[in-house]
Protein chains: 2
Amino acid sequence: MNIGFIGLGIMGRPMAGHLKAAGHHLALVKHRSDLPAELVDGAAVCATAREVAEASEVIITMVPDTPDVERVLFGADGVAEGLSAGKLLIDMSSIDPITTRVFAARLAELGADYVDAPVSGGEVGAKNAALTIMCGGTEDAFARALPLLEAMGKNITHVGGVGDGQVAKVANQIIVALNIEAVSEALVFAAKAGADPARVREALLGGFASSRVLEVHAERMIKRTFDPGFRIELHQKDLNLALGSARALGLSLPNTASTQQLFSACVAQGGAGWDHSGLVKAIETMANFHLGE
Amino acid sequence: MNIGFIGLGIMGRPMAGHLKAAGHHLALVKHRSDLPAELVDGAAVCATAREVAEASEVIITMVPDTPDVERVLFGADGVAEGLSAGKLLIDMSSIDPITTRVFAARLAELGADYVDAPVSGGEVGAKNAALTIMCGGTEDAFARALPLLEAMGKNITHVGGVGDGQVAKVANQIIVALNIEAVSEALVFAAKAGADPARVREALLGGFASSRVLEVHAERMIKRTFDPGFRIELHQKDLNLALGSARALGLSLPNTASTQQLFSACVAQGGAGWDHSGLVKAIETMANFHLGE
């Protein structure tokens, strides 16, 4: 199949590679810098996103944020100008759910289908074609997207209509951030109260406090390994989406808001690039105390 | 072995029953109301906690809160008056860790050992002898307590020195409360943004957002089953311990504090007796929106 792929960053590059390896023909936008050699071979290199859309049956976008998707789709020489009835846009970026529905409605006017399919699993998941993918769209559009998504991910869920994939991703990021914050408070409390945080973590695994975050991120906090993983500045972007959507929806998210402030405290200490488990340092700083060396 | 058991409430009664079934001789304090018939048969019924301590090698306390333990141990005709060198006190109540160390030091002056061994697992765990038990004390004291604890629980951890069992229990209750709050924010967000919260929960299980709380409590929120379980008023007591100890230790627990306020909002709605997953109703009320009927 002819597939346009827009957004060849840390995530997009290996994802596009899996599609090529599965036998698809890629259409790419010519960059100021050189396109990755492993992708260019056999690909259609286009001057604009419009030309990519003209050359492709399915167009996939994987860009940083909501305004980036808007520019790629609706900017000058954007995807929308090259779309025609029957084409499918799959947006795998993590962006605002409400705006996603607006984008999908605009593409529907052109007769094009839309699936939002944000991912989790990070660079490692992208490289190993093991991403978790949360999808929104009609049954037909999802069925059409699924074989392509299966080349890039493993745990692929059709959550609901357009936008619901982005809703699930935001919900995921709220829970992960707040669970990291919970473990941070609990371990700093335990250590400052004189217990060994590693023993406390072990005592709690298997009970009602157990979580993937208690398994994975608590261990990073105790071992002081804060190389990403998933960077604090990216989790801030995701909580910003949550808080912005919440404001638009008339919804109060008190602990999401306070956790975002704690991420900001980490950034103030130079931690934008720390793994998100580095949130523990904000709790430690307020206590003038550290779990480890 | 002669075992004194003080505190025959919902938890203590079946726990004492397991010790009797294991062949031990119980010493109990005479109550204003009748003692449970299944425990009285063959037991020494004493007029005071002092007499229970005189009659027993090991004394177990299972009472509601820190002042209750203080009264039982150090009040008039309390346990301390009946203790002598070589006896062991096992406090299975969930109380303040710092005060626990003070209690242990006072009993050490009498030559008595102290193990703090708070439990999780609730009434069902107590009845099935399947409690999780988090222990603090010396190696020797823990080794002496262990065979008795094994009659009442399954997942028994020696966390560290005296008080560390209570520290682990507080850490556990912080994480459980904050994970419940996290899932509450995420599911209310998802539903208000138009997605099906049950589908979102399914999409998230297995990823980094997964936890026992996402498995168990999120399902209660979606199915609107708020019978305890574990009552909000009890979780409030535990967060009160966390916040009181944190103040004493010079430690800031921002999300524990805000979550305690949300529990208070539930109590204001008549929810003291709801399962702690009913916390979701505080988030719903602020959003003027409900996940379910």
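Per chain, the residues get numbers from 1 upward, laid out in the order the sequence is written. A letter from A marks each chain and a number from 1 marks each ligand, given out in the order of writing. Residue-level local features of this predicted model are given only where pLDDT is at least 70; pairs of side-chain atoms are given and counted only at 80 or more, and the full residue set underlies all totals for whole chains, interfaces and linings. To obtain the side-chain values, all non-hydrogen atoms of the structure were included, while hydrogens and water were left out.

Peer 1: Got a minute to help me understand the overall build of chain A in this structure?
Peer 2: Only runs of H or I of at least four residues qualify as helices and only runs of E of at least two qualify as strands under DSSP, and these elements are numbered from the N terminus. The secondary structure content of chain A amounts to 14 helices and nine strands. Expressed as lengths along the three principal axes of its C-alpha atoms, the size of chain A is roughly 65 × 45 × 35 Å. Note on classification: 1.4 Å probe, protein chains only; a residue is buried when its accessible area is under 20% of the maximum for its type, exposed when over 50%, partly exposed between these limits. By the burial criterion, 59% of the 293 residues in chain A qualify as buried. When contacts within chain A are restricted to residue pairs at least 6 apart in sequence, long-range pairs at least 24 apart make up 68% of them. Surface accessibility in these figures is a Shrake-Rupley result with a 1.4 Å probe; residues are shielded only by whichever protein chains are displayed. Counting only carbon and sulfur atoms, one obtains 51% of the accessible surface of chain A, whose full area is about 10,800 Å². A positive count includes Lys and Arg, and a negative count includes Asp and Glu. His and the chain ends are not counted in either. To locate a charge, take NZ of a lysine, CZ of an arginine, CG of an aspartate or CD of a glutamate. Positive and negative side-chain charges in chain A, numbering 24 and 33 respectively, have mean positions lying 4 Å apart. What makes two residues a contact is simply this: any of their non-hydrogen atoms within 4.5 Å.

Peer 1: Teacher, can you tell me more about the relation of the copies chain A and chain B here?
Peer 2: Note that the two copies of the chain are related through a rotation about an axis and a translation along the same axis. For the least-squares superposition of copies, only C-alpha atoms count, and only for residues with pLDDT at least 70 in both. Take chain A, turn it by 180 degrees, move it 0.0 Å along the axis, and it overlays chain B with an RMSD of 0.0 Å. The superposition of one copy onto the other is thereby described by a two-fold rotation axis. Nearest to the rotation axis, the C-alpha of A:S211 is located 1.9 Å from it, this being the minimum over chain A. In this assembly, 100% of the residues forming the interface of chain A have copies in chain B that are likewise at the interface, indicating an isologous arrangement.

Peer 1: Please clarify how empty space enclosed by the protein should be interpreted in this entry.
Peer 2: The rolling of a water-molecule-sized probe over the atoms marks out the regions of remaining empty space. Lining residues are defined by having an atom within 4 Å of a point belonging to a cavity or pocket. Those points lie on a 1 Å grid over the protein atoms alone, cavities being sets where a 1.4 Å probe fits but cannot get out and pockets being open sets with protein on both sides within 12 Å along at least five of seven lines. Grid points are joined across faces, edges and corners, and a volume is the space filled by probe spheres set on the points. Considering all chains together, one arrives at one cavity of 30 Å³ or more under this definition. Lining the largest cavity are A:S120, A:T132, A:N155, A:N172, B:A203, B:L204, B:L205, B:G206 and B:G207.

Peer 1: Help me understand the pairing of strand β6 (residues 113-116) of chain A in this model?
Peer 2: Along any regular strand, the residues point their side chains to alternate faces of the sheet. Residue and element names in this part refer to chain A. Bridge count for strand β5 (residues 88-91) against β6 is four bridges, and the pairing is parallel. Paired with L89 across the strands is Y114, a residue of β6. Seen with its strands pointing away from the viewer, a crossover is right-handed when the path leading from the first strand over the helix to the second is clockwise. Between the parallel elements β5 and β6, the chain passes through helix α6 (residues 97-108) in a crossover that is right-handed. Two strands pair if DSSP finds at least two bridges between them.

Peer 1: What's the story with helix α13 (residues 254-268) of chain B in this structure? I'm lost.
Peer 2: Every α-helix carries 3.6 residues per turn, so stepping three or four residues along brings you back to the same face. Residue and element names in this part refer to chain B. Expected span, for any helix, means 1.5 Å times one less than how many residues it has. Helix length check: α13, at 15 residues, gives a terminal C-alpha distance of 21 Å against a target of 21 Å (1.5 Å per residue), a fit within 8%. Among the residues of α13, N255, T256, T259, Q260, L262, F263 and C266 are the ones counted as buried. In a view along the axis of α13, the buried residues occupy a sector of 160 degrees, so they form one face of it. Opposite the packed face of α13, turned more than 90 degrees from it, sit the exposed residues Q261 and A268. As used here, the arc belongs to the directions running from the helix axis to the C-beta atoms.

Peer 1: When you look at the pattern of salt bridges in this model, what are you seeing that I'm missing?
Peer 2: Where charged atoms from two side chains of opposite charge approach closely, those side chains can pair. Residues and elements named next belong to chain A. We count a salt bridge whenever a side-chain nitrogen from Lys or Arg sits within 4 Å of a carboxyl oxygen from Asp or Glu. With the rule as written, the count across this model stands at 26 salt bridges over all chains. A salt bridge links R101 to D164, with the shortest nitrogen-to-oxygen separation between them at 2.9 Å. One end of the pair, R101, is in helix α6; the other, D164, is in helix α9 (residues 164-192), and 63 residues separate them in sequence. K127 is paired through a salt bridge with E123; the nearest N and O atoms lie 3.1 Å apart. Of this pair, K127 and E123 both sit in helix α7 (residues 122-127), four residues apart, which is roughly one turn of the helix. Salt bridges sharing partners connect three or more residues here, namely R50, E54, D77 and E81.

Peer 1: What exactly am I supposed to notice about the UniProt feature "domain: 3-hydroxyisobutyrate dehydrogenase-like NAD-binding" (unreviewed entry) in chain A here?
Peer 2: UniProt positions are given in the numbering used here, feature names are shortened, and annotations may be inferred rather than shown by experiment. Residues annotated by UniProt as "domain: 3-hydroxyisobutyrate dehydrogenase-like NAD-binding" (unreviewed entry) correspond here to residues 163-282 of chain A. Summarising residues 163-282 of chain A: 71% helix, 0% strand, and an end-to-end C-alpha distance of 33 Å.

Peer 1: Can you help me understand the UniProt feature "domain: 6-phosphogluconate dehydrogenase NADP-binding" (unreviewed entry) in chain A in this one?
Peer 2: On the UniProt side, "domain: 6-phosphogluconate dehydrogenase NADP-binding" (unreviewed entry) is annotated at positions that read residues 2-160 of chain A here. Secondary structure across residues 2-160 of chain A divides into 40% helix and 26% strand, with the first and last C-alpha atoms of the span separated by 26 Å.

Peer 1: Honestly, the environment of A:R231 in this entry has me stumped. Any pointers?
Peer 2: Residue and element names in this part refer to chain A. Locating R231 in the fold gives a position in the loop between α11 (212-223) and α12 (232-249). Accessibility expressed as a relative area gives 29% for R231, which makes it partly exposed. Sequence-wise, R231 and A203 are 28 residues apart; in three dimensions their C-alpha atoms are separated by 29 Å. Leave out the neighbours within four places in its chain, and R231 touches A272, G273 and W274. For the purposes of these results, a polar contact is taken to be a pair of N or O atoms within 3.5 Å, where, inside protein, one atom must be able to donate a hydrogen and its partner to accept one; residues adjacent in sequence count only when each atom of the pair is a side-chain atom. Side chain to side chain, R231 and E233 meet in a polar contact 2.9 Å long.

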